[in-house]
Amino acid sequence: MIRSFKSKGLGELWKTGTSRKINASLHQRILRRLDALDSAERPEDMNVPGFDFHALRGYDPVRYTVHVNGPWCITFEFEDGDAMRVDLEQYH
């Protein structure tokens, strides 16, 4: 289950299905990944074809990432079976 968001726009998108803070062309791809993350019981459950799931180096606690589109990724931590501090980040 998703317990917390770092990104206010991402939290808004998850709760309402829309957010003016996030490009509308990314909404459906993001929501598919958030649905999967909400159902995940462990980080490895996000290792789905097309998500490019992997752990990020240099973070304690460990942060994980799944690819959305171009440089956009959803990053998150896992704690007691729940996704925490879920964020939408642009990197590369």
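Residues numbered from 1 in each chain as written. Predicted model: local features only at pLDDT ≥ 70, side-chain atom pairs only at ≥ 80, totals over all residues. Heavy atoms only, no water.

Trainee: When you look at the overall build of the protein chain in this model, what are you seeing that I'm missing?
Mentor: Looking only at helices and strands, one finds two helices and four strands in the protein chain. Going residue by residue from the N terminus, the α and β elements of the protein chain occur as α-α-β-β-β-β. On C-alpha atoms alone, the protein chain measures out to a radius of gyration of 12 Å, which is about the 12 Å that the 2.2 N^0.38 rule sets for 92 residues. Seen through its C-alpha atoms, the protein chain measures out along the principal axes to roughly 30 × 25 × 25 Å. The buried share of the protein chain, taken over its 92 residues, is 41%. A total of about 5,600 Å² of accessible surface is found on the protein chain, and carbon and sulfur atoms cover 46% of it. Averaging the coordinates of the 13 positive side-chain charges in the protein chain and doing the same for the 14 negative ones gives two points 8 Å apart. (Helix = DSSP H or I, 4+ residues; strand = E, 2+ residues; numbered from the N terminus. Rg over C-alpha atoms; globule rule 2.2 N^0.38 Å. Buried < 20%, exposed > 50% of the residue type's maximum accessible area, 1.4 Å probe, protein only. Areas by Shrake-Rupley, 256 points an atom, 1.4 Å probe, with all protein chains shown as cover. Lys, Arg positive; Asp, Glu negative; His and termini not counted. Charge placed at Lys NZ, Arg CZ, Asp CG, Glu CD.)

Trainee: Explain the packing of aromatic side chains here, please?
Mentor: By convention here, two paired aromatic rings are described through the distance between centres and the angle between planes. Applying the stated criterion to the full structure yields three aromatic pairs. Ring plane angle 15° and centroid distance 5.6 Å describe the contact between Phe53 and Tyr64, whose orientation is recorded as stacked. Residue Phe53 is located in the loop between α2 (27-39) and β1 (54-55), and its partner Tyr64 is located in strand β2 (residues 64-69); the two are separated by 11 residues in the primary sequence. For the pair shown, Phe53 and Tyr64 are each scored as buried. Ring geometry for Phe76 versus Phe78: centroids 6.1 Å apart, planes at 70°, classification edge-to-face. (Phe/Tyr/Trp six-rings, centres within 6.5 Å; stacked < 30°, edge-to-face > 60°.)

Trainee: Looking at this structure, I do not really get the pairing of strand β3 (residues 72-79). What am I missing?
Mentor: For a regular strand, side-chain orientation follows a simple rule: the groups alternate between the two sheet faces. Of all eight residues in β3, six are buried, a share of seventy percent or more. One ladder, built from five bridges, connects β2 with β3; its direction is antiparallel. Looking at β3, one finds that Thr65 is bridged to Thr75. Where β2 folds back on β3, the antiparallel hairpin that results is connected by two residues, among which Gly70 adopts a positive phi of roughly 55°. Pairing geometry for β3 and strand β4 (residues 82-90), over seven bridges, is antiparallel. The residue of β4 that forms the bridge with Trp72 is Gln90. Where β3 hands over to β4, the hairpin turn is made up of two residues, of which Asp80 adopts a positive phi near 50°. (Pairing = 2+ DSSP bridges.)

As far as function goes, none of this settles anything; it's purely spatial.
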